[in-house]
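# Topology and contacts: notes
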Amino acid sequence: MSRTVFEKRYAARLRRYGRCSVCQFREVTDGTYHCRRNPDRQGACAVDGKLPAFRLDTEVLDELRDG
């Protein structure tokens, strides 16, 4: 089963920039995505039990759809 263009773009973004790049609580410092106001927490929101927890940013999804 082949993946859609959207799925390929989403997977490529995750590989390139990490999970934090599609979170609504993201922030960029020195070209690296991380949790807002906490650069040491990059990608750990799923396992550390702290807030804010990962929330998918629908604006990023819209950007990926439009290409």
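Rules behind the numbers
Residues numbered from 1 in each chain as written. Predicted model: local features only at pLDDT ≥ 70, side-chain atom pairs only at ≥ 80, totals over all residues. Heavy atoms only, no water. Helix = DSSP H or I, 4+ residues; strand = E, 2+ residues; numbered from the N terminus. Buried < 20%, exposed > 50% of the residue type's maximum accessible area, 1.4 Å probe, protein only. Contact = heavy atoms within 4.5 Å. Polar contact = N/O pair within 3.5 Å; in protein donor to acceptor, adjacent residues only side chain to side chain. Arc of directions from axis to C-beta. Phe/Tyr/Trp six-rings, centres within 6.5 Å; stacked < 30°, edge-to-face > 60°. Lys NZ or Arg CZ within 6 Å of the ring centre and 35° of its normal.

Right, let's talk about the environment of Gln42 for a bit. Within the secondary structure, Gln42 is located in the loop between β2 (32–35) and α2 (58–66). Among the residues examined, Gln42 registers a relative accessible area of 44% and is labelled partly exposed. Each C-alpha atom, one on Gln42 and one on Arg16, is 14 Å from the other, the two residues being 26 residues apart in sequence. In this structure Gln42 touches Cys20, Thr32, Tyr33 and His34, once residues within four positions along its chain are discounted. Of note is the side chain of Gln42, whose polar atom sits 3.2 Å from the backbone oxygen of Tyr33.

Turning to α2, a few remarks are in order. Three or more residues of α2 are buried, namely Val60, Leu61 and Leu64. Buried residues along α2 cover an arc of 100° about the axis, so they all sit on one side. In this structure, α2 carries Thr58, Glu59, Arg65 and Asp66 as exposed residues pointing more than 90 degrees from its buried face. In this structure, the buried side of α2 is in contact with α1 (5–17) and β1 (26–29).

Applying the stated criterion across every chain, the model contains 2 aromatic pairs. Look at Tyr17 and Tyr33: their rings are 5.6 Å apart centre to centre, the planes differ by 75°, and that puts the pair in the edge-to-face class. Of this pair, Tyr17 sits in helix α1 while Tyr33 sits in strand β2, and the two are 16 residues apart along the sequence. Note on Tyr17: relative accessible area 37%, which makes it partly exposed. In this structure Tyr33 comes out as buried when scored by relative accessible area, which is 16%. One residue, Arg19, lies across the ring of Phe54, its end atom 4.2 Å from the ring centre. Directly above the ring of Phe6 sits Arg65, whose terminal nitrogen or CZ lies 5.2 Å from the centroid.

By themselves, these are just geometric observations and shouldn't be taken as functional.
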